[in-house]
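Here are the chains, one letter per residue:
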Amino acid sequence: MDTDKPAEGAEPAAPGPDPETPVAAAETDGSAPTLGDVLLAAEELWPESLAEGWDAVGLVAGRPFRTVKRILFAVDPTSEVIDEALEWGADLLVTHHPLFLKPVHSVAGTGFKGDVVHRLIEGGCALLTIHTNGDSAVGGVSDVLADAFGLEGVEPLVPAEDGLPEEGIGRVGELPEATTLADFAKLVFSILPAVAGGVRVAGDPHGLVRRVAVCGGAGDSLFDAVRRHQADVYVTADLRHHPASEAREAAVNGRPYLMDVSHFGSEWLWLTPAAAALENVLNDQGFSAEIRISGTNTDPWDFVLTPGLN
């Protein structure tokens, strides 16, 4: 979501599986779907009605009647990801983050975003964005985080206005057993892909935590909901100084503790189950397509300096 491992010395690493290995290879004798068929399957899984009002989701480039044999999932539509998609011969690139979140007046190839559009069209590769609808839907980004952390009794932090009771932004649930903040931070670090920023934690390392709130991507707009759900710790990304400082000042008995993780890393976990879900829907409809997860690390940071390290 967007709203507008000791961490020290951690080196960035490509977090994905071997890009030569498809995570979802066609297993049926069905024919390849059209882009229109894939869009219908995506709408079944991640309805556009669940997207936040400020968001820009859906088809960015591509003709619905074109055949789709290869689909690549990625977090960001960066130049390196476009290279990967075109080199593999992808017919469709599905990204979590939008290429055009803010309005534009030109797609001239003289700029990065215009160049991306031209390269995709010239390479015969469509682009589909699944952003906050992918956050809010059942099995979405925060559901995947909650599952990875072993949370039970999970519910949305902020329920969707026009969705199912299980749909909405963020998730909150409980660990099977209470643990220390330090040990939970180690668990989170071990699950997320290795990136330069590591995991930053605010709170007593020996403090016990059980009720956990999570929000993949930038979640510093949800502190009121985190407090309302009486979470012991809140795991999200892009925590800015002032919201984090104010949250600590407003804490009761030190809670909620804060855990700031990589924006990219928190959403990358969703790609594999999302690809599998899309494959299942297509197969149920009699279609088959080769689906792969991008092996490109699109976290923007390359290295970090911390006290005590040269």
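Residues numbered from 1 in each chain as written. Predicted model: local features only at pLDDT ≥ 70, side-chain atom pairs only at ≥ 80, totals over all residues. Heavy atoms only, no water.

### Thoughts on the sheet that holds strand E10 (residues 257-261)
An order of E5-E6-E8-E9-E10-E7 is seen for the six strands of this open sheet, with the pairing classed as mixed. At either margin of the open sheet sits one strand with a lone partner, and together these are strand E5 (152-159) and strand E7 (200-202). Between one strand axis and the next, the sheet turns by 25° as a mean value, whatever way the strands run. In this structure, strand E9 (residues 233-237) lies alongside E10, joined through five bridges in parallel fashion. Within E10, the position partnered with threonine 236 by the bridge is aspartate 260. (Pairing = 2+ DSSP bridges. Helix = DSSP H or I, 4+ residues; strand = E, 2+ residues; numbered from the N terminus. Axes fitted to C-alpha atoms, helices over the stretch in contact; angles between N-to-C directions.)

### Section: the packing of helix H2 (residues 79-88) against helix H3 (residues 112-122)
Orientation of H2 relative to H3, taken along the N-to-C sense of each, is 5°, at an axis distance of 11 Å. In terms of orientation, H2 and H3 fall into the roughly parallel class. Residue-level inspection shows Ser79, Ile82, Asp83 and Leu86 of H2 in contact with H3, the latter providing Phe112, Val116, Arg119 and Leu120. A per-class count over the contact of H2 with H3 returns five nonpolar, one polar and two charged. (Parallel < 35°, antiparallel > 145°, perpendicular 65-115°, else oblique. Contact = heavy atoms within 4.5 Å. Nonpolar A, V, L, I, M, F, W, Y, C, P; charged D, E, K, R; others polar.)

### A look at the pattern of salt bridges
Scanning all chains against the criterion turns up 11 salt bridges. The partner of arginine 240 in a salt bridge is aspartate 220, with the nearest N and O atoms 2.8 Å apart. Taken together, the residues span a long stretch of sequence, with arginine 240 in the loop between E9 and helix H8 (241-249) and aspartate 220 in the loop between strand E8 (208-218) and helix H7 (223-228) at a distance of 20 residues. With a closest N to O distance of 4.0 Å, arginine 292 and glutamate 290 form a salt bridge. What emerges from the salt-bridge pattern is a single network uniting Glu155, Glu174, Arg210 and Arg211. (Salt bridge = Lys/Arg side-chain N within 4 Å of Asp/Glu carboxyl O.)

### Some thoughts on the environment of alanine 74
Here alanine 74 lies in strand E2 (residues 70-74). Separated by 19 residues in the primary sequence, alanine 74 and leucine 93 have C-alpha atoms spaced 7.5 Å apart. Not counting residues up to four positions away in its chain, the partners in contact with alanine 74 are Val81, Leu93, Val94, Thr95, His96, Leu271 and Ser294.

### Some points on helix H10 (residues 271-284)
Its 14 residues place the ends of H10 20 Å apart at the C-alpha level, agreeing with the 20 Å of an ideal helix rising 1.5 Å per residue. Within H10, the full set of buried residues consists of Leu271, Ala274, Ala275, Leu278, Glu279, Val281, Leu282 and Asn283. Residue glycine 286 follows H10 closely and has a positive phi angle near 90°. (Expected span 1.5 Å × (residues − 1). Buried < 20%, exposed > 50% of the residue type's maximum accessible area, 1.4 Å probe, protein only.)

### Quick word on the packing of aromatic side chains
In this structure the tally under the stated criterion is four aromatic pairs. Relative to tryptophan 270, the ring of phenylalanine 73 has its centre 6.4 Å away and its plane inclined at 70°; by these criteria the two rings are edge-to-face. Taken together, the residues span a long stretch of sequence, with phenylalanine 73 in strand E2 and tryptophan 270 in the loop between helix H9 (263-268) and H10 at a distance of 197 residues. There is no split in this pair, since phenylalanine 73 and tryptophan 270 are both buried. (Phe/Tyr/Trp six-rings, centres within 6.5 Å; stacked < 30°, edge-to-face > 60°.)

### A short note on the sheet that holds strand E3 (residues 92-95)
Taken together, the five strands give an open sheet; going across it, the order is E1-E4-E3-E2-E11, and neighbouring strands pair in mixed fashion. The outermost strands of the open sheet, each flanked by one partner alone, are strand E1 (58-61) and strand E11 (290-293). When strand polarity is set aside, the average angle formed by the axes of neighbouring strands in this sheet is 25°. Bridge count between E1 and strand E4 (residues 126-129): three bridges; the pairing is antiparallel. Its bridge partner being in E4, glycine 58 is matched across the sheet by threonine 129. Packed on one face of the sheet, H2 meets E2, E3 and E11 and runs near 165° to E2.

### Overview of the environment of tryptophan 268
The residue tryptophan 268 is located in helix H9 in this model. The class for tryptophan 268 is buried, based on a relative accessible area of 14%. Sequence-wise, tryptophan 268 and asparagine 297 are 29 residues apart; in three dimensions their C-alpha atoms are separated by 9.2 Å.

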